[in-house]
Amino acid sequence: MHYETRFCTNCATPLESMVEMEDSGLKARLRCPACGWTHWNNPTPVLAAIVEVNGQVLLARNALWPPKMFALITGFMEAGESPQEGIAREVKEETHLDARSVTLVGAYEFLRMNQVIIAYHVVAEGEVRLSPELVDYRMMDLKDLKCWPAGTGYALADWLKSRGHEPVFFTEEENAERRRGLDTPPEPAND
């Protein structure tokens, strides 16, 4: 689902595309003609975890994804928490695993979603119990992991390199197959 900011969050006036002088020169942005509020449309920080349990990496499938699509644990940071605290919380909420160490892998662009992904390697322990948001998971040996050509896939590739493994990416055809149905709207419920 795509959301669009259309109204001022300060006074509820409909926003208009207005050109104003900014530090870098003239810039068109959605602005409020009544109070001057500006919708900056800054990228959203998203946290991602390469979850390692007993030497294997956990890949999970979101309930909204096609059957062949598995990826890293991801989530949004909450106000008042550090990125490290946020990813440990997300891992706990989504898998019931306890983070024992959290190490930064890097930051990655995800332009399609206007996000910046902050990826971590999380060594975790416990018994996997998925949240309702997730429907399946796989525990993968490092040598069997394949990366995908998007933000978290690049994070996984960088982490594999740091572990002495040459990352292998899905071919274009394999990636299309694992994503098949992802961009299809869900069928309406029958009443």
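These figures come from a predicted structure and were not determined experimentally.

**Things to note about the pattern of salt bridges**
Enumeration according to the criterion identifies 13 salt bridges in this entry. One salt bridge connects R31 with E22, and the closest N-O pair in it is separated by 2.7 Å. Comparing R31 with E22 shows no difference in burial state: the two are buried. A salt bridge links K92 to D98, with the nearest nitrogen and oxygen atoms 2.8 Å apart. The exposure class assigned to K92 is partly exposed, which follows from its relative accessible area of 33%. Taking the relative accessible area as the measure of exposure, D98 reaches 27% and is therefore partly exposed. Connected through shared salt-bridge partners, E20, E22, R29 and R31 make up one network.

**Focus: the nonpolar core**
V57, L59, L145, L156, W159 and L160 are the most contacted members of the largest nonpolar core, which totals 22 residues. Breaking this core down by element, the ones donating at least two residues are β4 (44-53), β5 (56-62), β7 (98-110), β8 (115-125) and α2 (151-162). Excluding its chain neighbours within four sequence positions, the residues that come into contact with L156 are I50, L145, K146, C147 and W148. One finds I73, V91, I118 and A124 within the second-largest nonpolar core, a separate group that totals 16 residues.

**A short note on the sheet that holds strand β3 (residues 38-39)**
Spatially, β1-β2-β3 is the arrangement adopted by the three strands of the open sheet, whose pairing is antiparallel. The open sheet has two edge strands, β1 (16-22) and β3, and neither has a second partner. One ladder, built from two bridges, connects strand β2 (residues 25-31) with β3; its direction is antiparallel. Paired with R31 across the bridge in β3 is T38.

**What about the environment of D98?**
Tracing the backbone through its elements, the reader meets D98 in strand β7. Taking C-alpha positions, D98 is 16 Å from P83, a pair spaced 15 residues apart along the chain.

**Observations concerning helix α1 (residues 83-95)**
Along an α-helix, residues three or four apart share an orientation, since each turn contains 3.6 residues. An ideal rise of 1.5 Å per residue puts 18 Å on 13 residues; α1 measures up with 18 Å between its terminal C-alpha atoms. Buried within α1 we find G86, I87, R89, E90, V91, E94 and T95. Directly beyond the C-terminal end of α1, a positive phi value near 70° is found at H96.

**Some remarks on the confidence of the model for the protein**
Mean pLDDT for the protein: 93, with 94% of residues reaching 70 or above. The spread of mean pLDDT over the elements of the protein runs between helix α3 (residues 172-179), the lowest at 91, and α1, the highest at 98.

**Some details on the pairing of strand β6 (residues 73-76)**
Side-chain direction in a regular strand flips from residue to residue, so the side chains alternate between the two faces of the sheet. Along β6, the buried face is formed by I73 and G75; none of T74 and F76, which line the opposite face, is buried. Sheet topology note: the β4/β6 ladder contains four bridges and is antiparallel. Across the sheet, L47 pairs through a bridge with G75, a residue of β6.

**Description of the packing of aromatic side chains**
One pass over the structure, following the stated rule, counts one aromatic pair. Residues Y154 and F169 carry aromatic rings whose centres are separated by 5.8 Å and whose planes lie at 50° to one another, so their mutual orientation is tilted. Of this pair, Y154 sits in helix α2 while F169 sits in the loop between α2 and α3, and the two are 15 residues apart along the sequence. Of note, R138 hangs over the ring of F70, and the distance from its end group to the ring centre comes to 3.9 Å.

**Details of the environment of A48**
Checked against the element boundaries, A48 lands in strand β4. As for A48 and H121, which are separated by 73 residues in sequence, their C-alpha atoms are 8.6 Å apart.

What counts and how
Residues numbered from 1 in each chain as written. Predicted model: local features only at pLDDT ≥ 70, side-chain atom pairs only at ≥ 80, totals over all residues. Heavy atoms only, no water. Salt bridge = Lys/Arg side-chain N within 4 Å of Asp/Glu carboxyl O. Buried < 20%, exposed > 50% of the residue type's maximum accessible area, 1.4 Å probe, protein only. Core = buried A, V, L, I, M, F, W, Y, C linked by side-chain atoms within 4.5 Å. Helix = DSSP H or I, 4+ residues; strand = E, 2+ residues; numbered from the N terminus. Contact = heavy atoms within 4.5 Å. Pairing = 2+ DSSP bridges. Expected span 1.5 Å × (residues − 1). pLDDT = per-residue confidence, 0-100. Phe/Tyr/Trp six-rings, centres within 6.5 Å; stacked < 30°, edge-to-face > 60°. Lys NZ or Arg CZ within 6 Å of the ring centre and 35° of its normal.

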